[in-house]
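The primary structure of each chain is shown beneath.
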Amino acid sequence: MCGIIGYTTKSSNSVDVALSGLKNLEYRGYDSSGIAFYNNNELDIVKAKGKISNLDEKLSKMNTTSNCAIAHTRWATHGEPNETNAHPHHVGKVTLVHNGIIENYAALKEELQQAGYTFNSQTDTEVATAYIDYCYNKCNNKLQALIDACKKFRGSYAFNVIYEDEPNTIYASRKDSPLVVGYSNKGNFAASDVSAILDYTNKYSLINEDDFVKITNSVVTFYNDKLQEVSKEIKTATWDANQYQKNGYDHFMLKEIYEQPKVIQDIFSRYYNDCDYADIDFSNFDNIHIVACGSAMHASLVGKYLLQTYAKIPAMVEVASEYRYSEELITPKTLMIVVSQSGETADTIAALRLAKEKGAYVVGIVNAVGSTISREVDKCIYTYAGPEIAVATTKGYTSQVAIFSTLVLNAMKQKGLLDEDTSSKLKDELLTIEDKLNEVISNRNTYLDIAKDIYNHNDLFFIGRGIDSTVCMEGSLKLKEISYMHSEAYSAGELKHGTISLIEDGTPVISIATDPTLFEKTVSNIKETKARGSYSIFVTTDKHNDMNFAEFADKTVIVPEASEFIQPILVVSALQLIAYETAKLRGCDIDKPRNLAKSVTVE
Ligand code: F6R
């Protein structure tokens, strides 16, 4: 969602630097962009609908000499994506960029209108800008004005503010939306995340919810809401700018798919060499709630399956935005596991805060180091998958599944359900997953061939049973989000209870059958669709290599057979590549699909 970068410098290239940082935030998803800077004490605000290149083009025709700039990519919430609604907004003496939603903006707008303010846009941000100006006119103190205004705002925000009478200083604050400060010899930054500033510095501090920050080109000062200075740890980012490059791949998504073998292998190596799950004792809890959104929720379904099947521990999976409706079930004996690649997903944060309020113990499975979720959970297990830039998650999902596998193995050990022989066989298997995954992703021609068969269709179905049905959900989501094809994932046995009416001559059905005990039943379900004309793409393991699939499969994808602790990772990698090749044939913007945001920071 919206990306923010502000830069104040001793030199005069703040606009160029802010713009290049903004490009590193493109992955978050946006539909317009804008920048504000003072040039010879004159304020310039430049905005453009669509890609940042449109903004770049406008700026290239201007004199952009300036010591300080604040820039923004907007993912529309209040008001359509056009230049009027794009940020920065300027009212009175205040210029502002904002990520988040001011939920009570309508009431504040009325208050401001009565005080004589008028508005041009449909946004909550213009109201926030006016409100800060209103407070500044009252108290004549810039930090105090920001503190006073923030006390009035309900909802979420990350702000970069410039005041007209101090145009080279950025004021910043945040609540429920991410914002970091970056330090360099040439100047200082306030940005949505570290990726925006890594080309210039790896030194940063996290802004806490009750921090108010004054940023000049040489000094950064943190205050609390009583205007007392607070000290702040300066951290060093371990991700480097190179990880934010495509490094020869056509798309970030492809690069990230190809990073999976190493990422997953590293997770299992860490588990066997350096595991600290001692404080997650499953026997301490009465119930387990696994809560997440989107693909992270799909990974949670694999986790639930493994937990129940192998550790004999029941668990509930809930999408984060619905979790509050299960409030009655949360007790101090609840173990909540929240799963999030970005660690900034607003729905997931709200769910975890609710669970903590109710006394639950919360474990996070998180990729982004230092993110809000990683800081608020009782225990954080990092996936260490490295930065994920493509909006559609790939290594984010598979690394979450891998962490669940390790958690379940640990739970089995705790309960005495893992004998030495099985344990050592599993260890051998998990520690060689890299080879199997490389085998799956090297099969590119098969996936391209399938993509050619399906890319012209509008509807598609994924079916499977057991753990395969959860993998179907992820395969289906990948396809629809990047190729814009309508696709549904169904439990293979459920299709005949209604949805099979949608199968027509030629409708592609991708079926997965990896579990030998469910194989025959799934094949019967595939035949039911075949009898109604489906075009059948069958995904199975090399265990069934000697079978004749021709009777029910038009195309076949074979992945290496593996235990269920890693089988979903192998299968989904094939599905990710089918989605990728299909989206490519359809000419879609693979890394930045329409309407989507990488980091969903509003509820
Ligand atoms: C799909 C996708 C989303 C995310 C979801 C949760 O490819 O990326 O469905 O999985 O928005 O995001 P995180 O994991 O950052 O909480």
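Given the structure is predicted, the values throughout are model-derived calculations rather than measurements.

Peer 1: Describe the overall build of the protein, with residues and values.
Peer 2: From N to C terminus, the protein includes 16 helices and 25 strands. Its C-alpha atoms give the protein a radius of gyration of 26 Å, near enough to 25 Å, the size a compact globule of 603 residues would have. Each of the three principal axes of the protein carries a C-alpha extent, and together these read 80 × 50 × 45 Å. Looking at the protein as a whole, 59% of its 603 residues qualify as buried. Counting only contacts in the protein whose residues sit at least 6 apart along the sequence, the fraction spanning at least 24 positions is 71%. Surface summary for the protein: the accessible area is close to 22800 Å², and the carbon and sulfur share equals 44%. Taking the 60 positively charged and 79 negatively charged side chains of the protein as two groups, their mean positions are separated by 2 Å.

Peer 1: Can you explain the packing of aromatic side chains? Please cite residues and give values.
Peer 2: In the structure shown here, the tally under the stated rule is 20 aromatic pairs. One aromatic cluster in this structure is built from Tyr-117, Tyr-131, Tyr-134, Phe-153, Tyr-157 and Phe-159. Sitting over the ring of Tyr-163, Lys-142 keeps its end group 5.9 Å from the ring centre.

Peer 1: Which residues make up the nonpolar core, and what values do they have?
Peer 2: Core analysis: the biggest nonpolar cluster contains 118 residues, and Ile-5, Ile-35, Ile-288, Leu-307, Ile-337 and Leu-575 have the highest contact counts within it. Examining the composition of this core, we find that 11 residues originate from one element, helix 16 (residues 567-585), more than from any other. With residues near it in sequence (within four places) discarded, Leu-307 still touches Phe-282, Ile-288, Lys-312, Ile-313, Ala-315, Val-408 and Ala-411. Core analysis: the second largest hydrophobic core is formed by 30 residues, Tyr-134, Ala-145, Ile-147 and Ala-149 among them.

Peer 1: Before we move on, can you summarise the pairing of strand 17 (residues 316-319) with the specific residues and values?
Peer 2: Pairing of strand 16 (residues 287-292) with strand 17 involves 4 bridges; the strand directions are parallel. Paired with Ile-290 across the two strands is Val-317, which belongs to strand 17. Between strand 16 and its parallel partner strand 17, the chain crosses via helix 7 (residues 294-310), and the hand of that crossover is right-handed.

Peer 1: Explain the domain arrangement of the protein to me, and be specific about the residues and the numbers.
Peer 2: Segmentation of the protein into domains returns domain 1 (3-243), domain 2 (246-431) and domain 3 (442-603). Computed over C-alpha atoms, the centres of domain 1 and domain 3 are 43 Å apart. With 14 residues of domain 1 at the contact, the number on the domain 3 side is 9 residues. A per-residue breakdown of the area domain 1 buries against domain 3 is headed by Tyr-27, Arg-28 and Trp-75, which together make up 47% of the total. Summed over the shared surface of domain 1 and domain 3, the result is 1 salt bridge. Between Lys-51 and Asp-589 there is a salt bridge; the shortest N-O distance is 3.2 Å. Seen at the junction of domain 1 and domain 3, the total is 3 residue pairs in polar contact (both at pLDDT 80 or more).

Peer 1: If you had to explain helix 1 (residues 14-24) to someone new, which residues and values would you point to?
Peer 2: With 8 of 11 residues buried, helix 1 is to be regarded as a mostly interior element. If you check which residues of helix 1 are buried, you get Ser-14, Val-15, Val-17, Ala-18, Leu-19, Gly-21, Leu-22 and Asn-24. Considering only its buried residues, helix 1 is in contact with strand 1 (3-9), strand 2 (32-39), helix 2 (52-60), strand 4 (68-74) and strand 10 (187-191).

Peer 1: Tell me what's going on with a negative patch on the surface, and back it up with residues and numbers.
Peer 2: Together, Asp-435, Glu-439, Asp-542 and Glu-561 give the surface a local cluster of negative charge. Along the chain, the position of Asp-435 falls in helix 12 (residues 433-441).

Peer 1: Any chance you could break down the sheet that holds strand 2 for me, citing the residues and the numbers?
Peer 2: Read from one edge to the other, the open sheet built from 8 strands follows the order 3-2-4-1-10-9-11-15, with strand pairing classed as antiparallel. For this open sheet the edge positions go to strand 3 (42-49) and strand 15 (235-236), each flanked by a neighbour on one side alone. Across 5 bridges, the pairing between strand 1 and strand 10 is antiparallel. Pairing of Ile-5 across the sheet is with Ala-191, part of strand 10.

Peer 1: Go over the site of the ligand with me, naming the residues and quoting the values.
Peer 2: Neighbouring the ligand are 14 residues, the closest being Ser-340, Gln-341, Ser-342, Thr-345 and Glu-481. Between the ligand and Thr-345, the relevant distance is 2.4 Å, taken from an oxygen atom to a side-chain nitrogen or oxygen of the residue. One of the side-chain nitrogen or oxygen atoms of Glu-481 is found 2.5 Å away from an oxygen atom of the ligand. Burial of the ligand by the protein chains amounts to 89% of its free accessible area of 410 Å². Taken together, the elements giving at least two residues each to the shell around the ligand come down to helix 7 and helix 14 (467-483). Of the residues assigned to the shell around the ligand, the class counts are 5 nonpolar, 7 polar and 2 charged. Counting only domains with at least three residues in the shell around the ligand, you end up with domain 2 (246-431) and domain 3 (442-603).

Peer 1: Outline the packing of helix 12 against helix 16, supporting the account with residue identities and numerical values.
Peer 2: At a closest axis distance of 9 Å, the pairing of helix 12 and helix 16 adopts a crossing angle of 25 degrees. The orientation of helix 12 with respect to helix 16, classified from their angle, is roughly parallel. The handedness of the crossing between helix 12 and helix 16 comes out as right-handed. Counted together, Ile-433, Lys-436, Leu-437, Val-440 and Ile-441 of helix 12 and Ile-569, Leu-570, Ser-573, Ala-574 and Leu-577 of helix 16 form the full contact between these two elements. Within the contact of helix 12 with helix 16, the residues separate by chemical class into 8 nonpolar, 1 polar and 1 charged.

Cut-offs applied
Residues numbered from 1 in each chain as written. Predicted model: local features only at pLDDT ≥ 70, side-chain atom pairs only at ≥ 80, totals over all residues. Heavy atoms only, no water. Helix = DSSP H or I, 4+ residues; strand = E, 2+ residues; numbered from the N terminus. Rg over C-alpha atoms; globule rule 2.2 N^0.38 Å. Buried < 20%, exposed > 50% of the residue type's maximum accessible area, 1.4 Å probe, protein only. Contact = heavy atoms within 4.5 Å. Areas by Shrake-Rupley, 256 points an atom, 1.4 Å probe, with all protein chains shown as cover. Lys, Arg positive; Asp, Glu negative; His and termini not counted. Charge placed at Lys NZ, Arg CZ, Asp CG, Glu CD. Phe/Tyr/Trp six-rings, centres within 6.5 Å; stacked < 30°, edge-to-face > 60°. Lys NZ or Arg CZ within 6 Å of the ring centre and 35° of its normal. Core = buried A, V, L, I, M, F, W, Y, C linked by side-chain atoms within 4.5 Å. Pairing = 2+ DSSP bridges. Right-handed = clockwise from strand over helix to strand, strands pointing away. Domains from an automatic or database assignment. Buried area = accessible area lost by both parts, 1.4 Å probe. Salt bridge = Lys/Arg side-chain N within 4 Å of Asp/Glu carboxyl O. Polar contact = N/O pair within 3.5 Å; in protein donor to acceptor, adjacent residues only side chain to side chain. Patch = residues over 30% accessible without salt bridge, like charges linked within 9 Å, V, L, I, M, F, W, Y side chains within 5 Å. Near = heavy atom within 4 Å. Nonpolar A, V, L, I, M, F, W, Y, C, P; charged D, E, K, R; others polar. Axes fitted to C-alpha atoms, helices over the stretch in contact; angles between N-to-C directions. Parallel < 35°, antiparallel > 145°, perpendicular 65-115°, else oblique. Left-handed = near helix turned anticlockwise from the far one by under 90°.

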